[in-house]
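Chain by chain, the residues run as shown.
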Amino acid sequence: MKLATLKNDARDGKLVIVNRDLTQAVAVPEIADTLQHVLDHWMEYYPDLQTRYEALNAGKIKETIALQSQLFASPFPRAYQWADGSAYLNHVELVRKARGAEMPENFWTDPLMYQGGSDAFLGPTDAIPIINLDWGVDFEAEVAVVVTDVPMGATMEQAEKAICLLMLVNDVSLRNLIPNELAKGFGFFQSKPSSAFSPVAVTPDELGDAWDGKKVHLPLVSLLNGKLFGCPNAGEDMNFDFPRLIQHAAMTRPLCAGSIIGSGTVSNRDRSKGSSCIMEKRMLEIIESGKPITPFMRYGDEIRIEMLNANQQSIFGAIQQKVIPYE
């Protein structure tokens with residue numbers, strides 16, 4: 001099943017079911033108005049939503065909405081919780097190596113995670129508004145899961161069963177603000193503006209064999225200004241899978257339905273796969289030549305993030321955003 005939120009006059013948008021080809025949608029006000037409300041009653045609403053989804057794909061629903069990219073809000077325009085991990089330690093190791101720092105031993109056993117702002121997400125084709133380019137604008141291509149209620153101290157089995165939806169993420173980062181924030185010892189805030197999510201959120205069965213209950217085994221493609229930047233496989237070199245990240249987040253608190261858990265920047269040790277953020281490429285350049293070459297994003301630069309199935313069909317739709325001056 002594919003679910004999305006269309007923009008309207010309300011902060012939380014309008015819930016729609018989207019067909020597999022991402023061309024048609026149908027609103028379901030008789031079931032729920034928002035995706036968050038669906039997550040609050042997931043087991044109750046899932047059968048009816050699935051029935052409507054099958055009917056939509058079979059062409060049995062006459063009154064549908066023809067979809068255009070600008071109609072989409074984030075599947076969750078705002079959420080109760082957005083916690084982003086850093087599950088690909090190849091990425092973490094590269095960043096530290098470039099500045100001559102060793103990987104602490106506990107990084108291999110204890111996931112990194114930060115709590116991001118979730119009060120206002122960008123839509124998948126919304127521009128990225130930036131006041132000052134000196135802040136170092138970067139994209140980060142990631143995968144995220146959405147969970148139902150997760151109890152505090154959840155087991156790995158409970159964490160896996162709680163996964164009900166998956167999305168793609170552009171975790172926008174302001175790289176030149178990060179060092180001073182981290183030096184304070186209190187984590188990210190100003191350096192992490194609003195993130196953007198894919199047009200649709202999908203149930204795990206939409207991924208077929210590419211989903212093993214823990215990881216997505218497909219390339220995550222990033223195009224910067226129309227040129228391939230990276231296509232690492234999200235299922236490779238993921239040191240902490242999604243159940244482990246959920247378990248980590250729920251160690252000392254329950255997670256409410258609709259909480260979003262991100263994978264962190266997808267990264268492979270195979271350098272031929274490219275990178276999922278500019279910072280990683282700059283780190284490789286520093287390691288190889290002593291200085292970074294690739295600039296951070298400027299006004300007018302555009303990033304496209306997408307994942308295709310084995311038939312080269314878009315699964316989540318594309319995140320496609322341009323950096324613009326904030327007004």
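Please refer to the structure placed before this passage.
This write-up is about the structure you can find in this document.

Here is what the cut-offs are and how they apply
Residues numbered from 1 in each chain as written. Predicted model: local features only at pLDDT ≥ 70, side-chain atom pairs only at ≥ 80, totals over all residues. Heavy atoms only, no water. Phe/Tyr/Trp six-rings, centres within 6.5 Å; stacked < 30°, edge-to-face > 60°. Helix = DSSP H or I, 4+ residues; strand = E, 2+ residues; numbered from the N terminus. Buried < 20%, exposed > 50% of the residue type's maximum accessible area, 1.4 Å probe, protein only. Lys NZ or Arg CZ within 6 Å of the ring centre and 35° of its normal. Pairing = 2+ DSSP bridges. Polar contact = N/O pair within 3.5 Å; in protein donor to acceptor, adjacent residues only side chain to side chain.

### Comments concerning the packing of aromatic side chains
Next up, step 1: Summed over the entire model, instances satisfying the criterion amount to six aromatic pairs.
Next up, step 2: Between tyrosine 114 and phenylalanine 188, the ring centres sit 5.0 Å apart and the planes meet at 75°, which makes this aromatic pair edge-to-face. Note that tyrosine 114 is positioned in strand E6 (residues 113–116) and phenylalanine 188 in the loop between helix H5 (178–183) and strand E12 (196–197), a separation of 74 residues in sequence.
Next up, step 3: Classification of tyrosine 114 by relative accessible area gives buried; the value is 13%.
Next up, step 4: By way of ring pairs, the aromatic residues Trp82, Phe121 and Phe197 are connected into one cluster.
Next up, step 5: Cation over ring: lysine 192 sits above phenylalanine 188, and NZ or CZ is 5.1 Å from the ring centre.
Next up, step 6: Above the face of the phenylalanine 296 ring, arginine 282 is positioned so that its terminal group lies 4.2 Å from the ring centre.

### Digging into the pairing of strand E10 (residues 163–170)
Next up, step 1: With eight of its eight residues buried, E10 lies for the most part within the structure.
Next up, step 2: With seven bridges joining them, strand E9 (residues 141–147) and E10 adopt antiparallel strand pairing. Looking across to E10, one finds that valine 147 is bridged to isoleucine 163.

### Comments concerning the side chain of lysine 2
Next up, step 1: Relative to the elements of secondary structure, lysine 2 occurs in strand E1 (residues 2–6).
Next up, step 2: Polar side-chain contacts of lysine 2 include one of 3.2 Å to the backbone oxygen of arginine 20.
Next up, step 3: Looking at lysine 2, its side chain comes within polar contact range of the main-chain oxygen of isoleucine 315, at 2.8 Å.

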